[in-house]
Amino acid sequence: MTMAMHPYNALMDITPRPYVVFDRGEGSWLWDDTGKRYLDFIQGWAVNCLGHAPATVADALTAQAKRLLTPSPAYYNDTSLKLAKALITHSCFDQVFFTNSGAEANEGAIKLARKYGALHRNGAYEIITFEGGFHGRTLATMSASGKKAFEPLFEPKVPGFHKALLNDLASVSRLISDKTVAVMLEPIQGEAGVWPATDQFLQQLRELTKAHGLLLIVDEIQTGIGRTGKLFHYEHAGIAPDIMTLGKGIGGGVPLAAVLATSRAACFEHGDQGGTFNGNPLMCAAGLAVLDHVAAPEFLKSTAETGRFLESELQRLSTRHGLGEVRGRGLLLALDLKLPVGAAIVAQAFEQGLLLNSPQPDTLRFMPALNVTREEIGQMIEALDAILIKAGAARLVA
Ligand SMILES: Cc1ncc(COP(=O)(O)O)c(C=O)c1O
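Residues numbered from 1 in each chain as written. Predicted model: local features only at pLDDT ≥ 70, side-chain atom pairs only at ≥ 80, totals over all residues. Heavy atoms only, no water.

Chemist: Can you lay out the nonpolar core for me, pointing to particular residues and giving the numbers?
Modeler: One finds L185, V294, F366 and M380 to be the most contacted residues of the largest nonpolar core, which totals 77 residues. Per element, the largest residue contribution to this core is 7 residues, and it comes from helix α9 (residues 281-294). When residues no more than four places from it in sequence are discounted, the contact partners of M380 are L39, F41, L310, L314, L354, L356 and F366. (Core = buried A, V, L, I, M, F, W, Y, C linked by side-chain atoms within 4.5 Å. Buried < 20%, exposed > 50% of the residue type's maximum accessible area, 1.4 Å probe, protein only. Helix = DSSP H or I, 4+ residues; strand = E, 2+ residues; numbered from the N terminus. Contact = heavy atoms within 4.5 Å.)

Chemist: Account for a nonpolar patch on the surface, naming residues and giving values.
Modeler: On the surface, a nonpolar cluster with roughly 300 Å² of combined accessible area is contributed by L139, L153 and F154. Tracing the sequence through the fold places L153 in the loop between α5 (139-144) and β6 (161-164). (Patch = residues over 30% accessible without salt bridge, like charges linked within 9 Å, V, L, I, M, F, W, Y side chains within 5 Å. Areas by Shrake-Rupley, 256 points an atom, 1.4 Å probe, with all protein chains shown as cover. Salt bridge = Lys/Arg side-chain N within 4 Å of Asp/Glu carboxyl O.)

Chemist: Give me the lowdown on the packing of helix α2 (residues 55-67) against α9, citing residues and values where you can.
Modeler: Packed helices, taken two at a time, are described by the angle between their axes plus the distance between the axes. Remark: α2 packs on α9, axes separated minimally by 8 Å, with the N-to-C direction vectors making an angle of 145°. In this structure, the crossing between α2 and α9 has a hand that is right-handed. Here T56, V57, A60, L61, Q64 and A65 of α2 come into contact with α9, specifically with P281, L282, A285, A286, A289, V290 and H293. Of the residues contributing to the contact of α2 with α9, the split by class is 10 nonpolar, 3 polar and no charged. (Axes fitted to C-alpha atoms, helices over the stretch in contact; angles between N-to-C directions. Left-handed = near helix turned anticlockwise from the far one by under 90°. Nonpolar A, V, L, I, M, F, W, Y, C, P; charged D, E, K, R; others polar.)

Chemist: Go over the packing of helix α3 (residues 78-89) against α9, please, and point to the residues and values.
Modeler: Between α3 and α9, whose axes approach to 8 Å, the crossing angle comes to 35°. For the element pair α3 and α9, the recorded crossing hand is left-handed. For the pair α3 and α9, the contacting residues are T79, S80, K82, L83, A86 and L87 in the first and P281, C284, A285, G287, L288 and L291 in the second.

Chemist: Pulling in residues and values, what's your account of the site of the ligand?
Modeler: Lining the immediate environment of the ligand, one finds S101, G102, A103, N106, F134, H135, G136, E186, D219, I221, Q222 and K248. In the environment of the ligand, an oxygen atom lies 2.8 Å from a nitrogen or oxygen atom belonging to the backbone of A103. With respect to the ligand, the backbone of F134 contributes an N or O atom lying 3.4 Å from a nitrogen atom. Out of a free accessible area of 390 Å², the ligand has 81% covered by protein chains. Ranked by the residues each element gives to the shell around the ligand, the list is headed by helix α4 (residues 102-120), at 3 residues. The residue makeup of the shell around the ligand, split by class, is 3 nonpolar, 6 polar and 3 charged. (Near = heavy atom within 4 Å. Polar contact = N/O pair within 3.5 Å; in protein donor to acceptor, adjacent residues only side chain to side chain.)

Chemist: An account of the sheet that holds strand β1 (residues 22-26) is needed here, citing residue identities and associated values.
Modeler: Taken together, the 4 strands give an open sheet; going across it, the order is β1-β2-β3-β15, and neighbouring strands pair in mixed fashion. On the outer flanks of this sheet lie β1 and β15 (354-355), each paired with one strand and no other. When strand β2 (residues 29-32) meets strand β3 (residues 37-40), the two strands line up antiparallel, connected through 3 bridges. What sits directly across from W29, in β3, is L39. (Pairing = 2+ DSSP bridges.)

Chemist: Describe the pattern of salt bridges, naming the residues involved and giving the relevant values.
Modeler: Here the structure, examined in full by the defined rule, presents 13 salt bridges. Of the charged contacts in the structure, one is a salt bridge between K148 and E151, with a shortest N-O distance of 3.4 Å. According to the relative accessible area criterion, K148 is exposed, its value standing at 54%. Note that E325 is salt-bridged to R327, the shortest N-O span being 3.1 Å.

Chemist: Account for the sheet that holds strand β13 (residues 326-329), with residues named and values stated.
Modeler: In any sheet, the strands associate via hydrogen bonds between backbone groups, in a parallel or an antiparallel arrangement. Reading across from one edge, β13-β14-β17-β16 is the order of the 4 strands in this open sheet, with antiparallel pairing throughout. The outermost strands of the open sheet, each flanked by one partner alone, are β13 and β16 (357-360). Each adjacent strand pair in this sheet contributes to an overall mean axis angle of 30°, direction not counted. Here 2 bridges tie β16 to strand β17 (residues 363-366), and the two strands are oriented antiparallel to one another. Opposite Q360, over in β17, you have T363 as the bridge partner. In the packing of helix α10 (residues 297-321) onto the sheet, the strands contacted are β13, β14 (332-336) and β17, and the crossing angle to β14 comes to about 5°. Strands in contact with helix α11 (residues 342-351) are β16 and β17; relative to β16, the strand with the most contacts, it is inclined by about 165°.

Chemist: Before we move on, can you summarise the packing of aromatic side chains with the specific residues and values?
Modeler: Taken as a whole and judged by the stated rule, the model has 7 aromatic pairs. Consider the rings of Y8 and Y19, whose centres lie 4.7 Å apart with planes at 65°: the pair is edge-to-face. Highlighted residues: Y8 in the segment before β1 and Y19 in the segment before β1, separated in sequence by 11 residues. On the numbers, 6.0 Å between centres and 85° between planes, the contact of F130 with F201 is edge-to-face. (Phe/Tyr/Trp six-rings, centres within 6.5 Å; stacked < 30°, edge-to-face > 60°.)

Chemist: Lay out the environment of R308 in plain terms, naming residues and giving numbers.
Modeler: Note on placement: R308 falls in helix α10. When the C-alpha positions of R308 and G330 are compared, they lie 6.6 Å apart, and in sequence the two are 22 residues distant.

Chemist: Lay out α11 in plain terms, naming residues and giving numbers.
Modeler: Within α11, burial applies to G342, I345, A349 and F350. Taken around the axis of α11, the buried residues stretch over an arc of 135°, which confines them to a single face. Opposite the packed face of α11, turned more than 90 degrees from it, sit the exposed residues A343 and E351. (Arc of directions from axis to C-beta.)

Chemist: Outline α9, listing residues and values.
Modeler: Compared with an ideal rise of 1.5 Å per residue, which puts 14 residues at 20 Å, α9 spans 19 Å between its outermost C-alpha atoms and is within 8% of the ideal. Of all the 14 residues making up α9, 11 are buried; the element is thus mostly covered by neighbouring parts of the structure. Along α9, the positions that sit buried rather than exposed are P281, L282, M283, C284, A285, A286, G287, A289, V290, L291 and V294. Tucked inside the fold, the buried residues of α9 contact α2, α3, β4 (95-99) and α10. Its side-chain oxygen placed 3.1 Å from the backbone nitrogen of L282, N280 serves as the N-cap of α9. (Expected span 1.5 Å × (residues − 1).)

What follows is the structure, given as structure tokens:
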């Protein structure tokens with residue numbers, strides 16, 4: 001396809017994108033409008049947990065679209081009630097507020113924490129977040145994020161966020177004051193390059209926040225809904241946070257996200273929170289179909305097994321090419337390339353019909369569909385192996 005055949009300029013130019021237009025997807029595969037096929041290990045940034053265009057989501061959307069699109073958030077609808085009930089049944093939380101994006105869910109969590117501070121902690125409003133953390137692109141969630149590239153943008157920042165260091169409890173303790181109301185973190189920092197909080201750190205954080213009467217907020221927008229081999233990542237550490245945000249995987253490809261809270265933390269009063277599309281039945285129908293599928297114990301078991309298989313294959317590749325560690329959990333993994341060659345590898349992979357992501361110059365991130373097959377993993381490893389062989393040869397020649 002030539003550039004002239006598509007009105008690329010009609011969209012705001014917010015990121016460099018290849019001039020390729022996708023128009024079909026199925027499972028782990030995407031096709032562009034020239035018919036070229038791509039093996040997808042990005043899946044919309046860990047969004048399509050059941051792969052592209054899963055029948056279960058398509059059927060649920062079709063049935064719901066024919067029945068009820070939205071009665072308005074001023075009224076209850078049966079689908080959002082069913083999904084909220086299913087989410088609280090499967091988690092340690094008591095109530096849910098649905099949103100349309102992860103950033104909006106985190107905004108909701110931040111507002112909930114500030115409300116809690118107003119009601120229970122003498123107006124405390126500060127939230128301790130983490131260097132390297134990523135919580136979204138609204139003003140408050142950019143301010144909460146510890147992403148270096150955000151620092152000079154859109155000043156002034158929303159006040160009230162102090163950054164600690166992941167896996168360093170003392171750095172959290174030092175920031176606690178009578179203005180603090182919560183600690184908020186991603187259990188695995190995705191954008192920063194897949195850096196996991198250890199289970200021990202999560203347990204210590206839970207103890208510390210409890211001891212100080214602070215809320216513990218887990219941003220499971222990337223790690224939730226089976227991504228790490230359990231329905232929610234906090235289960236690995238055996239802790240019960242006060243607030244959790246979900247996004248990405250919960251909609252299986254449609255814009256759905258959520259804030260979940262315990263009954264004590266769920267303290268919004270009338271007028272504090274809302275939104276036109278929040279909890280609309282169309283998106284919630286997709287969420288119900290996804291949850292039905294992913295929460296099944298055999299599905300989670302197979303996701304964990306597939307994650308271990310991908311991890312061992314990446315380890316093998318790393319040893320063969322003298323690369324660095326493999327990090328992460330389940331099907332959210334990173335390979336340390338030791339050199340800033342991520343973008344070049346991603347570009348070559350794209351040419352060859354393989355979609356990979358490099359969140360940091362020296363890191364590749366893998367977040368395939370949770371039902372990716374071993375054969376597809378093998379195909380990805382084979383393609384990446386060939387690219388790395390070529391890259392190694394190029395280095396020898398240079
Ligand atoms: C951990 C985490 N939090 C929040 C967000 C923001 O979600 P959204 O892009 O849906 O607003 C993301 C998106 O990448 C994320 O990975």
